Amino acid sequence: MGLIARDGRALPLQLAGEGAAVGTHRVLVLNAARSSYTFTGIDSAPVPSLLRGFSAPVILDDDLDRHRSARAADSTTPTPSAAGKRASGWR
């Protein structure tokens, strides 16, 4: 998963309790009916990019509006040259 800023940048990911960010994407283990992760150092609401590289069928139950939900399911990874331009492989 990753978090994308409004300008298309991939944001550094640092979980609460970690000393530093560990990159711009990571795998979160979901081994319970509900899980909670708190990222620090994020100054505005990002768009989550949740299903990067995931090929199995997934039902994503979220509270995002339709546009943000579609971007969350997008498996593409932003690059500096694509800032603000998102190519979606998901429909």
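These numbers come from a predicted model, not from an experiment. (Residues numbered from 1 in each chain as written. Predicted model: local features only at pLDDT ≥ 70, side-chain atom pairs only at ≥ 80, totals over all residues. Heavy atoms only, no water.)

A. Just the overall build of the chain, in detail. Helices and strands together make up the secondary structure of the chain, namely one helix and two strands. Beginning at the N terminus, the succession of helices and strands in the chain can be written as β-β-α. Looking at the chain as a whole, 24% of its 91 residues qualify as buried. For the chain, the proportion of contacts with a sequence separation of at least 24, taken over those separated by at least 6, is 43%. Carbon and sulfur atoms make up 54% of the accessible area of the chain, which amounts to about 6,600 Å² in all. (Helix = DSSP H or I, 4+ residues; strand = E, 2+ residues; numbered from the N terminus. Buried < 20%, exposed > 50% of the residue type's maximum accessible area, 1.4 Å probe, protein only. Contact = heavy atoms within 4.5 Å. Areas by Shrake-Rupley, 256 points an atom, 1.4 Å probe, with all protein chains shown as cover.)

B. The arrangement of the side chain of arginine 26 in detail. Inspection of the secondary structure puts arginine 26 in the loop between β1 (2-4) and β2 (47-49). If we ignore the near neighbours within four places in the chain, the residues touching arginine 26 are Met1, Leu13, Leu15, Glu18 and Phe39.

C. Structural detail: the confidence of the model for the chain. When the pLDDT values of the chain are averaged, the result is 75; 66% of them are 70 or greater. Per-element mean pLDDT across the chain ranges from 56 in helix α1 (residues 66-72) up to 92 in β1. The low-confidence segment residues 77-91 (pLDDT under 50) makes 21 contacts with residues lying over four places distant or belonging to another chain. (pLDDT = per-residue confidence, 0-100.)

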